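Each chain is listed here by its residues.
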Amino acid sequence: MSFHDTPELLEEILAQFGNMLDFLQLQINYVDWEQPNVQSRRCLEIARKYNKPVTVMEPCKGGTLVNLPDEAAALLEAKAPGSSPAAWALRFAASQPGVTRVLSGMNTMAQVLDNTATFQAFSPITPEELETIRQVTAIIEKNTLVPCTGCAYCTHGCPKGIAIPQYFALLNSIARTTGSFSSQAVYYHNLSLQHGKASDCIGCGQCEKACPQHLPIRQHLQVVAEKFENGTAFPARK
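Fair warning: this is a prediction, and the values are worked out from it, not measured in the lab.

Enquirer: What exactly am I supposed to notice about the overall build of the chain here?
Expert: Of regular secondary structure, the chain possesses ten helices and four strands. Since a compact globule built from 238 residues should have a radius of gyration of about 18 Å, the 19 Å found for the chain is in line with a globular shape. Here the chain, with 238 residues, has 43% of them falling under the buried criterion. Within the chain, contacts between residues separated by at least 24 positions form 73% of all contacts whose residues are at least 6 apart in sequence. With 19 positive and 21 negative side-chain charges, the chain shows a spacing of 5 Å between the two charge centroids.

Below, the structure is given as structure tokens:
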């Protein structure tokens, strides 16, 4: 079973139907470890209570833990020179008791090689590294406007065809990296030529019902529209 909800509901399900399940698939990464909308730690604890092996999804949180703010990336590099941000994220997930597999979406051969190398010579996260991860988490949270994983469930059935995850990624990018607004505005404009603009949202709420992260998507889309559609970098669409 793949699960995207509260620890309380997970316990209710396992108490009633746990004998029917061989394993669970849970969203586990160091940013979502204590996040109230995901509660990775609590969900993992409940899985262990019912002796269910766990397969991890979203260990890099849709790329968030790979494309780090410069300050966060510098912290990881100083602690372990040459170790990629993805390796840190995968090691954190795989180090948790009860985890038997860690899934990772890879787009290039370099990513495949990096990920496999991480597990070929696997070393669990140490207490000292965990403290570094806590510092990195604080930096990420400070620089993340929308904790979207890019699953795109929200787009299925959107009456305006809005590219919600892509727009949220652009919004987070300008928050994390100084001087990136003009380039991200170009991406926004190009996307909007084939998809609905953020301001096209009619507020139906279909996206929020589908979102595994329980995000207030309609509110975030208003911010996207304010940032990208009201500036001079975004030309009017005919």
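That covers the picture; the talk isn't over yet.
Enquirer: I would appreciate a short explanation of helix 10 (residues 217-228) in the present structure.
Expert: The α-helix advances 3.6 residues per turn, and as a result positions three or four apart in sequence lie on the same side. With twelve residues, helix 10 ought to run about 16 Å at 1.5 Å a step, and its terminal C-alpha atoms sit 16 Å apart, in line with that. If you check which residues of helix 10 are buried, you get Ile217, His220, Leu221, Val224, Ala225 and Phe228. Down the axis of helix 10, the buried side of the element spans an arc of 145°, and every buried residue falls inside it. Facing away from the buried side of helix 10, by more than 90 degrees, are the exposed residues Gln219, Gln222 and Glu226.

Enquirer: Explain the packing of helix 4 (residues 85-94) against helix 6 (residues 127-143) to me, please; I cannot follow it from the model alone.
Expert: When two helices pack together, their arrangement is given by the angle between the helix axes and the distance between those axes. For the pair helix 4 and helix 6, interaxial distance at closest approach is 12 Å and the crossing angle is 115°. In this structure, helix 4 meets helix 6 at a crossing whose hand is left-handed. For the pair helix 4 and helix 6, contact is made by Trp88, Arg91 and Phe92 and by Glu129, Leu130, Thr132 and Ile133, respectively. Along the lines of polarity and charge, the residues of the contact of helix 4 with helix 6 split into four nonpolar, one polar and two charged.

Enquirer: Help me understand the pairing of strand 2 (residues 24-27), please; the structure alone is not making it clear to me.
Expert: It is a general feature of regular strands that their side chains alternate between the two faces of the sheet. As paired elements, strand 1 (residues 2-3) and strand 2 share two bridges and run parallel to each other. Within strand 2, the residue paired with Ser2 across the bridge is Gln25. Taking the sense of rotation as the criterion, the β-α-β connection linking strand 1, helix 1 (residues 7-17) and strand 2 turns out right-handed. The sheet contact formed by strand 2 and strand 3 (residues 54-57) spans four bridges and is parallel. By the bridge assignment, Leu24 is partnered in strand 3 with Val54.

About the cut-offs
- Residues numbered from 1 in each chain as written.
- Predicted model: local features only at pLDDT ≥ 70, side-chain atom pairs only at ≥ 80, totals over all residues.
- Heavy atoms only, no water.
- Helix = DSSP H or I, 4+ residues; strand = E, 2+ residues; numbered from the N terminus.
- Rg over C-alpha atoms; globule rule 2.2 N^0.38 Å.
- Buried < 20%, exposed > 50% of the residue type's maximum accessible area, 1.4 Å probe, protein only.
- Contact = heavy atoms within 4.5 Å.
- Lys, Arg positive; Asp, Glu negative; His and termini not counted.
- Charge placed at Lys NZ, Arg CZ, Asp CG, Glu CD.
- Expected span 1.5 Å × (residues − 1).
- Arc of directions from axis to C-beta.
- Axes fitted to C-alpha atoms, helices over the stretch in contact; angles between N-to-C directions.
- Left-handed = near helix turned anticlockwise from the far one by under 90°.
- Nonpolar A, V, L, I, M, F, W, Y, C, P; charged D, E, K, R; others polar.
- Pairing = 2+ DSSP bridges.
- Right-handed = clockwise from strand over helix to strand, strands pointing away.

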